[in-house]
Amino acid sequence: MELLERNLIDKAKRGDSRAFEELLKKYETKIFNLLLRMTGNKTEAADLFQETFISAWKNLAKFRGEANFSTWLYRIAVNTVFMRHRKKKLKTVSMDAPTKTESGEIKRERGDWSTNPLATLQNDELRRKLEKSLKKMPEPYRPVFVLSDMQGIPNEEIGKILKITLPNVKSRLHRARLFMRGQLSDYFKTQ
Amino acid sequence: MIDPNRIFDLMERLMNEDLSLEGMERFQREIEDEFFRQFFNTFKKTVELCHCIEEEEVPEMLHIRVVEIICRTPQQKPRNPRRRKK
């Protein structure tokens, strides 16, 4: 942990809200985007964002510096989403359940769209398709996918955040990518 | 022609995240089976596209609201470790 961050945490622990705001500035975009991608809803993400940082502020004394501050913060954010979903009694998917989505298995399909000139994020339609697909992604894979492929967090760190084993992180990430690939293949079939 | 066992080994490594995208590229050149080549190409492209999804900015009002709430929210006091030992 860098010295500046350590100092900010120490100050914030002593009740310095300005120091906490510096920490907020450093991590808010990452946390907001994680929440946004996990919920697929801006209003809900904003609510959860507020809850996450207030909880972090209140419980800062519990942070002992054994993990990275970012890992601790991510964990609060992920738990906040899970708690909210539990309260809402939303339908959940078992973590061990096999993926039975149309793209959960490799289909013998035709067509290599990887060189299609439309396969770029300059293509607004494709970008929207990616966003929509992410909303449809099975819940257990979504946080792993967002943390890894969108935020570039190493798998070991993701395991710590979600409290799952490294092989579990890898397998969920792979399934998430297969799911996205299936969604994109469907899109290119109609082009 | 690439040995089918090698392809399965490759798929397994891909599943286990033990194969980097660069490693995948090397194998792609060896693969003659059209299905596998297409699979690897599209899989790699998917990951590349996902890496490029842009992040959204935090709405300014949300940032301000959180800071305001924090300023008037008391923090929880740390537990006394001596008490726990009793």
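Visitor: Talk me through the overall build of chain A; I want residue IDs and the actual numbers.
Guide: Of regular secondary structure, chain A possesses eight helices and zero strands. Scanning chain A from its N terminus toward the C terminus, one meets helices and strands in the order α-α-α-α-α-α-α-α. Counting over 191 residues, chain A shows a buried share of 36%. For chain A, long-range pairs separated by at least 24 residues make up 67% of all intrachain contacts whose partners lie at least 6 apart in sequence.

Visitor: Go over unusual backbone geometry, please, and point to the residues and values.
Guide: A positive phi angle, near 55°, is found at A:Lys163, a position not held by glycine. Classification of A:Lys163 by C-beta neighbours within 10 Å gives exposed; the count is 10.

Visitor: Can you break down the interface of chain B and chain A residue by residue, with the values?
Guide: With 36 residues of chain B at the interface, the matching set in chain A holds 40 residues. Listing elements by their share of the side of chain B that touches chain A, those giving two or more residues are α3 (34–51) and α4 (60–71) of chain B. Looking at the side of chain B that touches chain A, the element that brings in the most residues is α3(B), giving 13 residues. Residues belonging to the side of chain B that touches chain A are distributed by class as follows: 18 nonpolar, ten polar and eight charged.

Visitor: Give me the packing of helix α3 (residues 42–58) of chain A against α4(B): which residues, what numbers.
Guide: To describe two helices that pack against each other, one gives the angle between their axes and the distance between the axes. In the contact formed by α3(A) and α4(B), the axes pass within 10 Å of each other and the chain directions differ by 30°. In terms of orientation, α3(A) and α4(B) fall into the roughly parallel class. As for how α3(A) packs across α4(B), the hand of that crossing is right-handed. Across the interface between the two elements, A:Ala46, A:Phe49, A:Gln50, A:Phe53, A:Ile54 and A:Trp57 from α3(A) touch B:Leu62, B:Arg65, B:Val66, B:Ile69 and B:Ile70 from α4(B). Here the contact of α3(A) with α4(B) is composed, by residue class, of nine nonpolar, one polar and one charged.

Visitor: How would you sum up the environment of A:Trp113? Please name residues and give values.
Guide: Turning to its location among the elements, A:Trp113 is positioned in the loop between α4 (69–88) and α5 (124–136). Given 19 C-beta atoms within a 10 Å radius, A:Trp113 is considered partly exposed. Sequence separation of A:Trp113 and A:Glu44 is 69 residues, and the distance between their C-alpha atoms is 35 Å. Filtering out sequence-adjacent residues up to four positions away, A:Trp113 remains in contact with A:Ala119, A:Ser185, A:Phe188 and B:Thr42.

Visitor: Which residues make up the confidence of the model for chain B, and what values go with them?
Guide: Residues and elements named next belong to chain B. Of all residues in chain B, 64% have pLDDT values of 70 or greater, and the mean over the chain is 78. Of all secondary-structure elements in chain B, the lowest mean pLDDT belongs to helix α5 (residues 81–85), at 57, while α4 reaches the highest, 96. Interface scoring of the predicted complex returns ipTM 0.77; its pTM is 0.78.

Criteria and cut-off values
Residues numbered from 1 in each chain as written. Chains lettered and ligands numbered in written order. Predicted model: local features only at pLDDT ≥ 70, side-chain atom pairs only at ≥ 80, totals over all residues. Helix = DSSP H or I, 4+ residues; strand = E, 2+ residues; numbered from the N terminus. Buried ≥ 20, exposed ≤ 12 C-beta atoms within 10 Å, placed from the backbone. Contact = placed C-beta atoms within 7 Å. Nonpolar A, V, L, I, M, F, W, Y, C, P; charged D, E, K, R; others polar. Axes fitted to C-alpha atoms, helices over the stretch in contact; angles between N-to-C directions. Parallel < 35°, antiparallel > 145°, perpendicular 65-115°, else oblique. Left-handed = near helix turned anticlockwise from the far one by under 90°. pLDDT = per-residue confidence, 0-100.

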